[in-house]
Amino acid sequence: MRSLLRLGFCALAAYGMVFAARWLPDAITELDFFQARKFEVVGLHVLEEDYVLQVASIPQFASVFEDPGPWEERLKKHPLIRGVVINRVLPGTLVVKVEERTPVAFVASSVLEPVDRDGHVLPLDPRAYRLDLPLLRAAGTVERGLSPSELKVLATEVERLLADDPSFVAGVSEMSIDVEGDVMATISGNVLLRFRAPLPYRRLREGLAALQDAGRRRPAQRITVVDLRYADQVVVSYEGQRGQP
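Residues numbered from 1 in each chain as written. Predicted model: local features only at pLDDT ≥ 70, side-chain atom pairs only at ≥ 80, totals over all residues. Heavy atoms only, no water.

Peer 1: With reference to specific residues and values, describe the overall build of the protein.
Peer 2: Across its full length, the protein carries seven helices and eleven strands. Put simply, 48% of the contacts in the protein that link residues at least 6 apart link residues at least 24 apart. Of the roughly 15300 Å² of accessible surface on the protein, 56% is carried by carbon and sulfur atoms. (Helix = DSSP H or I, 4+ residues; strand = E, 2+ residues; numbered from the N terminus. Contact = heavy atoms within 4.5 Å. Areas by Shrake-Rupley, 256 points an atom, 1.4 Å probe, with all protein chains shown as cover.)

Peer 1: Explain the packing of helix 2 (residues 49–56) against helix 3 (residues 69–76) to me, and be specific about the residues and the numbers.
Peer 2: It is the contact of helix 2 with helix 3, at a shortest axis distance of 8 Å, that shows an interaxial angle of 120°. Contacts from Val52, Val55 and Ala56 in helix 2 reach Trp71, Arg74 and Leu75 in helix 3. Split into classes, the residues belonging to the contact of helix 2 with helix 3 amount to five nonpolar, no polar and one charged. (Axes fitted to C-alpha atoms, helices over the stretch in contact; angles between N-to-C directions. Nonpolar A, V, L, I, M, F, W, Y, C, P; charged D, E, K, R; others polar.)

Peer 1: Would you mind going over the pairing of strand 6 (residues 135–138) in detail, with residue names and values included?
Peer 2: Of the two faces of strand 6, the one holding Leu136 and Ala138 is buried and the one holding Leu135 and Arg137 is not buried anywhere. Both strand 4 (residues 105–108) and strand 6 contribute to a ladder of two bridges, which runs parallel. Paired with valine 107 across the bridge in strand 6 is leucine 136. Inspection of the sheet shows strand 6 paired to strand 7 (residues 174–177) by four bridges, in the parallel sense. Residue pairing in the sheet places alanine 138 in a bridge with isoleucine 177 of strand 7. (Buried < 20%, exposed > 50% of the residue type's maximum accessible area, 1.4 Å probe, protein only. Pairing = 2+ DSSP bridges.)

Peer 1: Before we move on, can you summarise the environment of threonine 186 with the specific residues and values?
Peer 2: Examined against the element boundaries, threonine 186 turns out to sit in strand 8 (residues 182–187). Expressed as a C-alpha distance, the spacing of threonine 186 and threonine 224, which sit 38 residues apart in the sequence, is 9.8 Å.

Peer 1: Let's hear about the side chain of aspartate 165: which residues, and what values?
Peer 2: As for its position among the elements, aspartate 165 is in the loop between helix 5 (148–164) and helix 6 (166–170). Beyond its immediate stretch of four places on either side in the chain, aspartate 165 contacts Tyr201, Leu204 and Arg205.

Peer 1: Explain the sheet that holds strand 1 (residues 38–42) residue by residue, including any values.
Peer 2: Read across the sheet, three strands follow the order 1-3-2 without closing on themselves; strand pairing throughout is mixed. The open sheet terminates on both sides in strands that have one partner only, identified here as strand 1 and strand 2 (81–89). Taken over all neighbouring pairs, the strand axes of this sheet differ in orientation by 20° on average, direction set aside. Sheet topology places strand 2 next to strand 3 (residues 93–100); eight bridges connect them, and they run antiparallel. Counted as the bridge partner of asparagine 87 is valine 95 from strand 3. Contacts between helix 2 and the sheet are confined to strand 1 and strand 3, with strand 1 contributing the most and set at about 110° to the helix. Taken strand by strand, helix 3 contacts strand 2 and strand 3, and its axis lies near 155° from that of strand 2.

Structure, rendered in structure tokens:
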């Protein structure tokens, strides 16, 4: 008899837990105590906080326990937002953590357009934000545009080099890629640094050191190319040598 009573009690308790699990979230969202009264937006560099909240369209009197999925999806559709996560801080704060799409270079169409590391064109006015970024283009004797894959290779490489050596990228006026996949960065005015992406930071330092050393050895000759495509060696070419672009 006691076993039956114990079994019945356990079944009743389990049913109560299931009922509470279904009822409690809905009940909590109705409590004024958990209404979102404060909003914090973090991670912004270009966008304004009020604008982000406007795009999210979080309803007035929303509860911090409501599903933030629809608000996050609205923000993710914005061309300047890569990702977003909305967290709650009890009892009444919502924290909107935004990852913006950051411009890393320009690509030329009818006008100069900033792009992020994925090659996405960003709706930013270069004059308004005073962007000083390298130009990405296709290399070759025949004028052609960058394919989407080529654009992504170059943009990703600029972003990666920015993380390794921001001062180096600041001195790059343009970066191009040819049909064979070789990348060329124009540095020091008109010197071409030629390599295959991704360029390891160690190889970059070796190339820049070779450029500096070559300049000391032959100060009267203009250096045209520093080639890093060959393993364990740096090839420096001077103006007038055969095979130079």
